[in-house]
Amino acid sequence: MTDLKQHKYYVNREMSWLAFNKRVLEEGRDTQNPILERANFLAITQKNMDEWFMVRVASLQQQMFVGHDKVDASGLSPKQQLIKISAAAGEQIKNQYQILNRSIIPTMKKLGFSLVHKNDLTNAQVNFLKKFFEKELRPVLTPMAIDSTRPFPFLANDTLNIGVRLKKNDEKSEKYIAVLQVPETSGRVIALPEENQVILVEDVVQLFLDALFPGYTIKESNVFHILRDMELDVADDEDTPNILQEVQSKLQERERGQVIRVIVSANTGKMLMTQLIKALQVPDDRIYEVSGPIDLTFISSWLKVIDAPTLEYTSFHGYENPDLTADKIFESIRKRDYLLHHPYDSFKPVVQFIQTAAIDDDVLAIKMTLYRVSGNSPIIKALSDAAQRGKQVTVLLEIKARFDEENNVHWARELEQKGVHVVYGLRGLKVHAKMAMVVRRESDTIRRYVHLATGNYNDVTANFYTDLGLLTVDSELGADVASIFNILTGYSDPSFFHQLHMSPNGIREFIYEKINVEIKNAKAGKPSGIKMKFNSLSDERMIRHLYEASEAGVPVELIVRGITMLKVGIPKVSETIAVHSIVGRFLEHSRVFIFHNDDSPQVYLSSADLMTRNLDRRVELLFPIRNAGLSQQVINIFEIMWADNVKTRVLQPDGSFDKIDRRGLSSVNAQEMFIAESMVKQIELKQQQDRENTQKEFEPINNPFIGGES
């Protein structure tokens, strides 16, 4: 029997994450994508990497500082991981700037959209910016000298700053150092009078920097960007009974976390660089020098001021099922289950499900879990309206959702003020499950309408995240959802669930059980197979179970957007496992689990990825698609995605992800195919509505000369 715990069978989690971000970066290089979309992909890689540093790299650094030397599945200690990933991140940052400087900026300029450098300004532009500087920037700028009486100032997380080296006019020494934070009040990108020409705000500040230091000559000024440790650590003990207050307190502490990364201009002088490194107390291998604008998220700001639809993806809106309009939604769900595939199916029915329930006199109660919602959420408003109409409204709002904590604390307070019963999550567990239940009185019965999903109740991200959701009145699912809400909001320990599986513990054991059935079937010579789609695979025990399935000859097909610590092509260990990763127009977010089950496929959807945190430290749900037609629909979705050969990269035995060689093959772009199918449904619906309207317009009225009184 093979020892499946050997380090050589696993990829380091952080290196796998960097490989994922590289796939996103490749979309920024791909000339088949519209130029503004390529620029956006580049900006996304920066945002991704910033969050990764603030959480994952910071966590490894914390482990190293406290002397934690336990190795990961791949055999690396925290210190070894930091050395390895710091170098790999540096290489990726270098590639980001190559794409920016050699491809994105030149192509944009060729198309008439210029990012103007301060050295290339005309006299008229300089005069315009001088007025702008005096009016908008100078009043908010605060130069901070660094000397024996004025120590290096605290610089906030995720800020742009300018380091300045100066010479006093009546002295020869150039020893004076100052720092100032680039203000965010005017935005990162400043539009010049000429159409489609912009300049970065830090360039404007540097252009007129001498106005802030009268009596001194500026010898050097350079921009740098810092990130701090932003991991939020909420205690799991009972010492702090109010979890809301604790999160609010931790948010304030987090802003002063240790500096975890610094990005500086490549032309920063040695003296200034030495001062910055010493003051910020950051390791040398966490300082990255770049040639170009610091902090590539400026691209997002630039794109917002560009109006050029032809240089973007063609506008697309999902199909709105006429059965799920506000006046029909409960009646339709009562007749049959509905599967929604976002964004190809509009998210509007989900919003209307809650909005309609809020004003329906027959609705008695609404219960929901919320993890991430939009800044102006119509669902939050509907829940508030429902509470004010006297309905029982209960919301479990997870205030520990990473980087959404502040937003969720705000919404928690808002909902409470409107009379909603708000639960802030559970100590020690994040509630990541996506579920909503509407309790409605109908004739002589009480019926539960349920929505279960793979993605968040966020009406904004639903337009570019792919997710699956189920609307149903299935009585067993309804009873299970009711039980779970009782667990989350009160004291309840049900002995079983009818159809749902919940983590911690439940989902892991259930998937093991299903994998074991496939192993048993394969060994008995019966048809077998496992098809899964999720965001990340980093749970070592789950990987071992998949290896065991492969050893038994079970075909395993995995569609993994992000991290995968599993290796393919290992003789006698993973020869039957194939891993695809799709990175395209939409962010692949749905979680699908399909088990062959001896030619009687069983299909499940889930909020959970196969990560240890999701399986052991979060409340997650896995639910069945029981309707045969909808079950087949999910299988078809998976098969189309598996056939994709345009946006798919295939994991190789050496750990690389390679695009499929399409020579001799017809192109299959799964996301574009789903868009096309959605558009066909929308056209057919429009044609049907037009026919019905025409029929009504020309429908003959009764002949007034026939019938009547006898």
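Residues numbered from 1 in each chain as written. Predicted model: local features only at pLDDT ≥ 70, side-chain atom pairs only at ≥ 80, totals over all residues. Heavy atoms only, no water.

Student: Please clarify how the side chain of Ser 77 should be interpreted in this entry.
Tutor: Mapped onto the fold, Ser 77 is located in the loop between helix H2 (35-65) and helix H3 (78-110). Non-local contacts of Ser 77, meaning those with residues more than four positions away in its chain, are made with Asp 69, Lys 70 and Val 71. (Helix = DSSP H or I, 4+ residues; strand = E, 2+ residues; numbered from the N terminus. Contact = heavy atoms within 4.5 Å.)

Student: Explain empty space enclosed by the protein to me, please; I cannot follow it from the model alone.
Tutor: In the structure shown here, the tally under the stated rule is two cavities of 30 Å³ or more. Of the voids in this model, the largest cavity is the one considered here, and its volume is about 100 Å³. Along the wall of the largest cavity there are 13 residues; nearest its centre are His 342, Phe 347, Gly 455, Asn 456 and Asp 467. Contributions of two or more residues to the lining of the largest cavity are made by strand S16 (445-453) and strand S17 (465-472). When residues in the lining of the largest cavity are grouped by element, the largest group, four residues, is from S17. Across the lining of the largest cavity, the residue classes break down as five nonpolar, seven polar and one charged. Taken as a whole, the second largest cavity spans an internal volume of roughly 30 Å³. (1 Å grid on protein atoms, 1.4 Å probe; cavity = no way out; pocket = protein on both sides within 12 Å on 5 of 7 lines; lining within 4 Å. Points joined across faces, edges and corners; volume = space filled by probe spheres on them. Nonpolar A, V, L, I, M, F, W, Y, C, P; charged D, E, K, R; others polar.)

Student: Please explain the packing of aromatic side chains as it appears in this structure.
Tutor: Pairs of aromatic rings are described using the distance from one ring centre to the other and the angle between the two planes. For the structure shown, the criterion picks out 20 aromatic pairs. Between Tyr 10 and Tyr 547, the ring centres sit 6.0 Å apart and the planes meet at 50°, which makes this aromatic pair tilted. Of this pair, Tyr 10 sits in the segment before helix H1 (13-29) while Tyr 547 sits in helix H15 (residues 540-551), and the two are 537 residues apart along the sequence. A relative accessible area of 0% places Tyr 547 in the buried class. Ring geometry for Phe 510 versus Tyr 604: centroids 5.0 Å apart, planes at 75°, classification edge-to-face. Note that Phe 510 is positioned in helix H14 (residues 506-523) and Tyr 604 in strand S24 (residues 602-606), a separation of 94 residues in sequence. The class of Phe 510 is buried, set by a relative accessible area of 8%. In this structure Tyr 604 comes out as buried when scored by relative accessible area, which is 8%. (Phe/Tyr/Trp six-rings, centres within 6.5 Å; stacked < 30°, edge-to-face > 60°. Buried < 20%, exposed > 50% of the residue type's maximum accessible area, 1.4 Å probe, protein only.)

Student: In this structure, what is going on with unusual backbone geometry? I would like to understand it.
Tutor: In this structure, the amide linkage connecting His 342 to the following residue, Pro 343, adopts the cis form with an omega of 0°. Residue placement: Pro 343 occurs in the loop between strand S10 (338-342) and helix H10 (348-359). Residues Ser 503 and Pro 504 are joined by a peptide bond in cis, for which omega reads 5°. If you trace the backbone, Pro 504 turns up in the loop between strand S18 (501-503) and H14. In this model, Asp 158 sits at a positive phi of 55°, which is unusual for a non-glycine residue. Here Asp 158 shows up in the loop between strand S2 (144-146) and strand S3 (159-168). Unusually for a residue other than glycine, Lys 572 sits at a positive phi of about 65°. Structurally, the position occupied by Lys 572 is in the loop between strand S20 (556-560) and strand S21 (577-582).

Student: Before we go on, may I ask you to explain the pattern of salt bridges in this structure?
Tutor: Opposite charge on two side chains lets them pair, provided their charged atoms get close. Inspection of the entire model under this criterion finds 38 salt bridges. Ionic pairing is found between Arg 150 and Asp 147, a salt bridge with its closest N-O pair at 2.7 Å. Under the relative-accessibility criterion, Asp 147 is labelled partly exposed at 32%. (Salt bridge = Lys/Arg side-chain N within 4 Å of Asp/Glu carboxyl O.)

Student: When you look at the nonpolar core in this model, what are you seeing that I'm missing?
Tutor: Ranked by size, the top nonpolar core spans 117 residues in total, and within it Ile 515, Met 532, Tyr 547, Leu 558 and Leu 566 carry the most contacts. For this core, the element with the most residues is H2, which contributes 13 residues. Once you skip the residues sitting within four places of it in the chain, Leu 566 turns out to touch Val 11, Leu 537, Ile 543, Leu 546, Tyr 547, Leu 558, Ile 577, Val 579 and Leu 651. Residues Phe 316, Val 423, Leu 488 and Ile 675 belong to the second largest nonpolar core, which totals 46 residues. (Core = buried A, V, L, I, M, F, W, Y, C linked by side-chain atoms within 4.5 Å.)

Student: Got a minute to help me understand the environment of Leu 477 in this structure?
Tutor: Position of Leu 477 among the secondary structure elements: in helix H13 (residues 475-489). Look at Leu 477 and you get buried, because its relative accessible area is 1%. Spatially, the C-alpha atoms of Leu 477 and Asp 327 are 24 Å apart, while their sequence positions differ by 150 residues.

Student: Hey, could you run me through the packing of H2 against H3 in this one?
Tutor: Helices that pack against each other are described as a pair by the angle of their axes relative to one another and the distance between those axes. Where H2 contacts H3, the axes come no closer than 11 Å and their chain directions differ by 165°. Taken together, the axes of H2 and H3 lie roughly antiparallel to each other. Note on packing geometry: the crossing formed by H2 with H3 is left-handed. For the contact of H2 with H3, the class distribution of residues is 19 nonpolar, nine polar and two charged. (Axes fitted to C-alpha atoms, helices over the stretch in contact; angles between N-to-C directions. Parallel < 35°, antiparallel > 145°, perpendicular 65-115°, else oblique. Left-handed = near helix turned anticlockwise from the far one by under 90°.)

Student: Looking at this model, I keep getting lost on the packing of H14 against H15. Mind explaining?
Tutor: It is at 9 Å that the axes of H14 and H15 come closest, and there the two elements cross at 10°. With respect to each other, H14 and H15 are oriented roughly parallel. Facing H14, whose interface residues are Arg 508, Ile 511, Tyr 512, Ile 515, Asn 516 and Ile 519, H15 presents Arg 541, Met 542, His 545, Leu 546, Glu 548 and Ala 549. Counted by class, the contact of H14 with H15 contains seven nonpolar, two polar and three charged residues.

Student: Even after reading the chapter, I still don't get the pairing of strand S6 (residues 197-200), so can you show me in this structure?
Tutor: Regular strands show a simple pattern: their side chains alternate between the two faces of the sheet. The sheet contact formed by strand S1 (residues 114-115) and S6 spans two bridges and is parallel. Residue pairing in the sheet places Leu 115 in a bridge with Val 198 of S6. Pairing geometry for strand S5 (residues 189-191) and S6, over three bridges, is antiparallel. Bridging from a neighbouring strand, Ile 190 pairs with Ile 199 of S6. Here S5 hands over to S6 after five residues, with Asn 196 in that stretch at a positive phi of 65°. (Pairing = 2+ DSSP bridges.)

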